[in-house]
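Observations on the model geometry
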Amino acid sequence: MAAKVEPFWMRKTLAELDSAEWESLCDGCGLCCLQKLEDEEDGSVYYTRIACKLLDLKSCRCTDYPNRRASVPDCVQLTAVDAAQFKWLPPTCGYRLVAEGKDLPLWHHLVCGDPDAVHAERISQSGRMITEGSVADEDWEDHLIFRAG
């Protein structure tokens, strides 16, 4: 009988992942690309439904991923080195889950094989986001959807 091999995200540390494995942890929810507000008193991070100008509102994918930092200089580049700081990511995020030593959820494309499952399970905000330019900065609080952390 053959031994059961654990998936790469369970048998490797984040630092051991190659670039393709690292990128594949992204579930395509797009939540990290939503505008966020931070409470200055307690450091809580609140997600809004306001999408980065590069986020496709239906697919929840960046429309210029390789060059995103050129037009969005404050775009956060997630790396294994920063894993301890992933608490601001949603609790469903593959990067955060693996950093915390947890398995990926059943709807994650690496588990179920379906990249659209994240939308079918309504983990993503597909179809429920608004564009960054459509809301004045002072009105962002009107569009809060959840608190992370």
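Above: the structure in question.
To keep things clear, this report deals only with the structure shown in the data block. What you see is a predicted model; the values in this text were computed from it and never measured. For every chain, the first residue of the written sequence is number 1, and numbering continues from 1 along that sequence. In keeping with the predicted nature of the model, local features appear solely for residues at pLDDT of at least 70, side-chain atom pairs appear and are counted solely at 80 or more, and the whole-chain, interface and lining totals rest on all residues. To obtain the side-chain values, all non-hydrogen atoms of the structure were included, while hydrogens and water were left out.

Remarks on the overall build of the protein
Let me state the cut-off plainly: Each helix is a run of DSSP H or I of at least 4 residues and each strand a run of E of at least 2, with the numbering of both proceeding from the N terminus. Both definitions apply: the radius of gyration is a C-alpha atom measure, and the globule rule equals 2.2 Å times residues to the power 0.38. Only protein chains enter the accessibility calculation, which uses a 1.4 Å probe; a residue is then buried when its area is under 20% of its type maximum, exposed when over 50%, and partly exposed in between. Should any heavy atoms of two residues lie within 4.5 Å, those residues are considered in contact.
Of the regular secondary structure elements, the protein holds six helices and four strands. In sequence order, the secondary structure elements of the protein are arranged as α-α-β-β-α-α-α-α-β-β. Over its C-alpha atoms the protein spans a radius of gyration of 16 Å, differing by no more than 12% from the 15 Å that the globule rule assigns to 149 residues. With respect to the principal axes defined by its C-alpha atoms, the protein has extents near 60 × 30 × 30 Å. Counting all 149 residues of the protein, 35% fall into the buried class. Across the protein, the fraction of contacts at a sequence separation of at least 24, relative to all contacts at a separation of at least 6, is 58%.

Some points on the environment of Q125
Residue position: Q125 is located in the loop between α6 (117–120) and β3 (130–131). Sequence-distant contacts of Q125, defined by excluding residues within four places in its chain, comprise C29, L31, L34, R49, L57, C60 and I145.

Digging into the side chain of T48
Our working rule: Any N or O atom pair separated by 3.5 Å or less is treated as a polar contact, with the protein-specific requirement of one donor-capable and one acceptor-capable atom, and with residues adjacent in sequence counted only for side-chain atom pairs.
For T48, the location among the structural elements is in strand β2 (residues 45–51). A polar contact of 2.8 Å, which involves the side chain of T48, links it to the backbone oxygen of Q35. There is a polar contact of 3.1 Å between the side chain of T48 and the backbone nitrogen of I50. Residues within four places of T48 in sequence aside, it is in contact with L34, Q35, L37, W140, H143, L144 and I145.

Let's talk about the packing of aromatic side chains
What counts is decided by this rule: For Phe, Tyr and Trp, rings pair up if their centres lie within 6.5 Å, where Trp contributes its six-membered ring, and each pair is then called stacked (planes under 30 degrees apart), edge-to-face (over 60) or tilted (otherwise). Both a distance and an angle decide whether a charge sits over a ring: NZ of Lys or CZ of Arg must be within 6 Å of the ring centre and within 35 degrees of the ring normal.
Counted by the stated rule, this structure contains three aromatic pairs. Look at Y47 and F146: their rings are 4.4 Å apart centre to centre, the planes differ by 15°, and that puts the pair in the stacked class. On the criterion of sequence distance, the pair formed by Y47 in strand β2 and F146 in strand β4 (residues 144–148) is long-range, its members being 99 residues apart. The positively charged end of K36 is found above the aromatic ring belonging to Y47, 5.0 Å away from the centroid. In this structure, R68 packs its charged tip against the face of Y65, placed 3.9 Å from the ring centre.

Some points on a negative patch on the surface
Stated precisely, the cut-off is as follows: Patch membership is restricted to residues that have no salt bridge and whose relative accessible area is over 30%. Joining uses 9 Å for like charges and 5 Å for the nonpolar side chains Val, Leu, Ile, Met, Phe, Trp and Tyr. Exposure was quantified through the Shrake-Rupley algorithm and a 1.4 Å probe, taking into account, for residues, occlusion by the shown protein chains and nothing else. For salt bridges, the criterion is a side-chain nitrogen of Lys or Arg within 4 Å of an Asp or Glu carboxyl oxygen. None of His or the chain ends enter the tally, which takes Lys and Arg as positive and Asp and Glu as negative. A charge is said to be at NZ when it belongs to Lys, at CZ for Arg, at CG for Asp and at CD for Glu.
A cluster of acidic residues, D137, E138, D139, E141 and D142, forms a negative patch at the surface. Position of D142 relative to the elements: it lies in the loop between β3 and β4. Taking the relative accessible area as the measure of exposure, D142 reaches 61% and is therefore exposed.

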